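# A look at the structure
Below are the chains, spelled out letter by letter.
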Amino acid sequence: MPDADPLLEIADDLYALPLADFTPARDALVKEHKADKALAALIKGLRKASVAAWVVNLLVRRDPDQVDQVLAVGEALREAQDNLDATQLREFTKQRRQLTASVTTAARRMAREEGVRTTESVAEQVEATLTAAMLEPDAARAVRSGLLVTALSATGLGDLDLSGAVALPEALGFSAKARPAPGPDPTQRPQLHVVPDPDADAKARAAADERLADARAVLKEHEKEHRAARRAVEKLQARTLQVQSEIDELRGRLAILEDTLEEVDEELAEAEAAQAEVEEAVDEARSEVEEAREARERL
């Protein structure tokens with residue numbers, strides 16, 4: 001079996017490509033390395049990433065600092081769990097939710113810049129993968145590799161199964177090469193050639209129709225997301241009212257129990273005093289019996 005390093009470098013380049021370019025680029029590499037049959041077979045075995053996994057891989061390469069921040073908060077959260085620090089645990093859990101939501105939004109924006117629109121379902125998988133990376137050290141290493149092929153999901157209970165989640169077993173411990181989005185080259189000037197186009201009007205209308213269709217599709221998706229967000233807010237508002245009602249009920253019950261406890265304490269004090277008096281009387285009676293017995297024996 002060939003050294004894993006060349007294969008990791010090849011995989012790093014492959015999984016950095018636009019999603020649509022992966023398969024033809026992989027097949028071309030198989031032909032390029034056909035002299036090394038073992039390596040060619042391993043390259044052929046590299047699976048195309050799911051859309052959610054590709055978005056996470058893109059994020060890792062485009063903004064590794066933000067990914068490192070996610071993983072750092074996850075590590076702090078795990079330490080708080082190990083130390084059973086309830087205050088830190090609540091704070092880091094809140095940070096985790098805010099951070100994964102924010103980073104998921106950034107990742108979706110990067111995907112749009114690459115021409116890939118992500119559905120709400122894909123966004124949920126991206127956020128679940130980031131959450132898994134915060135909860136599980138192995139998931140964090142898998143995400144940092146930039147070689148994910150499927151989304152991840154974890155509960156933080158050590159039940160994560162990474163088999164098949166990364167392109168290669170060696171991916172764990174590997175860090176993807178940072179690849180910032182290329183900016184415009186100011187030294188390159190576009191060469192303009194004015195060529196009359198008899199179909200310009202028809203093409204313009206077709207382009208306008210396509211733009212309108214795309215805009216409507218995006219609007220439909222956002223409206224769907226808005227309805228889902230509204231339902232989530234309404235559900236949480238109802239849950240908040242329910243929890244507040246339960247808290248009020250428990251507070252009332254606690255006040256009643258505190259009053260009852262005070263009454264029981266008073267009754268207990270009286271009972272203990274009565275018990276002491278009876279015990280004293282019993283002791284006196286025993287002494288009297290003993291004295292009478294001794295007097296009887298002296299007769």
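This is a predicted model, so every value here is computed, not measured.

The contact between helix α6 (residues 86–113) and helix α7 (residues 120–135) brings their axes to 9 Å, and the two run at 130 degrees. As judged from the angle between their axes, α6 and α7 are oblique. Handedness of the crossing formed by α6 with α7: right-handed. On α7, the residues that touch Arg96, Arg97, Leu99, Thr100, Ala101, Val103, Thr104 and Arg108 of α6 are Glu120, Ala123, Val126, Glu127, Leu130, Thr131, Met134 and Leu135. Looking at the contact of α6 with α7 residue by residue, the class counts come to eight nonpolar, three polar and five charged.

Our focus in this paragraph is the confidence of the model for the protein chain. Confidence in the prediction of the protein chain, expressed as mean pLDDT, is 84, and 88% of residues score 70 or more. Residue range residues 190–194 is modelled with pLDDT below 50. Its contacts to residues more than four positions away, or to other chains, number zero contacts.

Moving on, we get to a positive patch on the surface. A surface patch of like charges, here positive, comprises Lys220, Lys224, Arg227, Arg230 and Arg231. Structurally, Lys224 is set in helix α9 (residues 200–298).

What follows concerns the environment of Arg62. Its location among the elements puts Arg62 in helix α4 (residues 51–62). When its relative accessible area of 23% is taken as the criterion, Arg62 is described as partly exposed. Between the alpha carbons of Arg62 and Arg179 there is a distance of 5.4 Å; along the sequence they are 117 residues apart. Not counting chain neighbours up to four residues away, the residues in contact with Arg62 comprise Met110, Glu114, Arg179, Pro180, Ala181 and Pro182. At a separation of 2.6 Å, a polar atom in the side chain of Arg62 contacts the main-chain carbonyl oxygen of Arg179.

A contiguous patch of negative charge on the surface is contributed by Glu258, Asp259, Glu262, Glu263, Asp265, Glu266, Glu267 and Glu270. Mapped onto the secondary structure, Glu258 falls in helix α9. Taking relative accessible area as the criterion, Glu258 reaches 46% and is therefore assigned partly exposed.

Between side chains of opposite charge, a pair can form when the charged atoms approach closely. In total, this model carries eleven salt bridges according to the counting rule given. Ionic pairing is found between Glu114 and Arg62, a salt bridge with its closest N-O pair at 2.6 Å. Linking Glu114 in the loop between α6 and α7 with Arg62 in helix α4, this pair joins segments that are 52 residues apart in sequence. In this structure, Asp68 engages Arg144 in a salt bridge whose closest nitrogen and oxygen atoms are separated by 3.2 Å. Within this pair, whereas Asp68 is found in helix α5 (residues 64–83), its partner Arg144 is found in helix α8 (residues 137–145), the two being separated by 76 residues in sequence. Each of the salt bridges in this network shares a partner with another, and the network as a whole consists of Asp12, Asp13, Arg61 and Arg179.

Spacing of three or four residues puts side chains on the same side of an α-helix, whose turn is 3.6 residues. Under the 1.5 Å per step criterion, the end-to-end length of α7 is 22 Å for 16 residues, consistent within 8% with the ideal 22 Å. Where α7 is concerned, the buried positions are Val122, Ala123, Val126, Thr129, Leu130, Thr131, Ala132, Ala133, Met134 and Leu135.

Bringing the packing of helix α2 (residues 22–32) against helix α3 (residues 37–44) into the picture now. At their nearest, the axes of α2 and α3 sit 8 Å apart, and the two run at 170 degrees to each other. Viewed along their axes, α2 and α3 adopt a mutual orientation that is roughly antiparallel. Contact with α2, carried on its side by Arg26, Asp27, Leu29 and Val30, involves Ala40, Ile43 and Lys44 of α3 and no other residues of that element. Broken down by class, the residue content of the contact of α2 with α3 amounts to four nonpolar, no polar and three charged.

A word on α6. Here α6 is 28 residues long and its end C-alpha atoms lie 41 Å apart, about the 40 Å a rise of 1.5 Å per residue gives. Downstream of α6 by a residue or two, Gly115 has a phi angle that is positive, lying close to 85 degrees.

Before going further, it helps to examine the packing of aromatic side chains. What describes a pair of aromatic rings is the distance from one ring centre to the other and the angle between the planes of the rings. Scanning all chains against the criterion turns up one aromatic pair. Taken together, a centroid distance of 4.9 Å and an interplanar angle of 45 degrees make the contact between Tyr15 and Phe22 tilted. Each member of the pair, Tyr15 as well as Phe22, carries the same accessibility label: buried.

Calculation rules
- Residues numbered from 1 in each chain as written.
- Predicted model: local features only at pLDDT ≥ 70, side-chain atom pairs only at ≥ 80, totals over all residues.
- Heavy atoms only, no water.
- Axes fitted to C-alpha atoms, helices over the stretch in contact; angles between N-to-C directions.
- Helix = DSSP H or I, 4+ residues; strand = E, 2+ residues; numbered from the N terminus.
- Parallel < 35°, antiparallel > 145°, perpendicular 65-115°, else oblique.
- Left-handed = near helix turned anticlockwise from the far one by under 90°.
- Contact = heavy atoms within 4.5 Å.
- Nonpolar A, V, L, I, M, F, W, Y, C, P; charged D, E, K, R; others polar.
- pLDDT = per-residue confidence, 0-100.
- Patch = residues over 30% accessible without salt bridge, like charges linked within 9 Å, V, L, I, M, F, W, Y side chains within 5 Å.
- Areas by Shrake-Rupley, 256 points an atom, 1.4 Å probe, with all protein chains shown as cover.
- Salt bridge = Lys/Arg side-chain N within 4 Å of Asp/Glu carboxyl O.
- Lys, Arg positive; Asp, Glu negative; His and termini not counted.
- Charge placed at Lys NZ, Arg CZ, Asp CG, Glu CD.
- Buried < 20%, exposed > 50% of the residue type's maximum accessible area, 1.4 Å probe, protein only.
- Polar contact = N/O pair within 3.5 Å; in protein donor to acceptor, adjacent residues only side chain to side chain.
- Expected span 1.5 Å × (residues − 1).
- Phe/Tyr/Trp six-rings, centres within 6.5 Å; stacked < 30°, edge-to-face > 60°.

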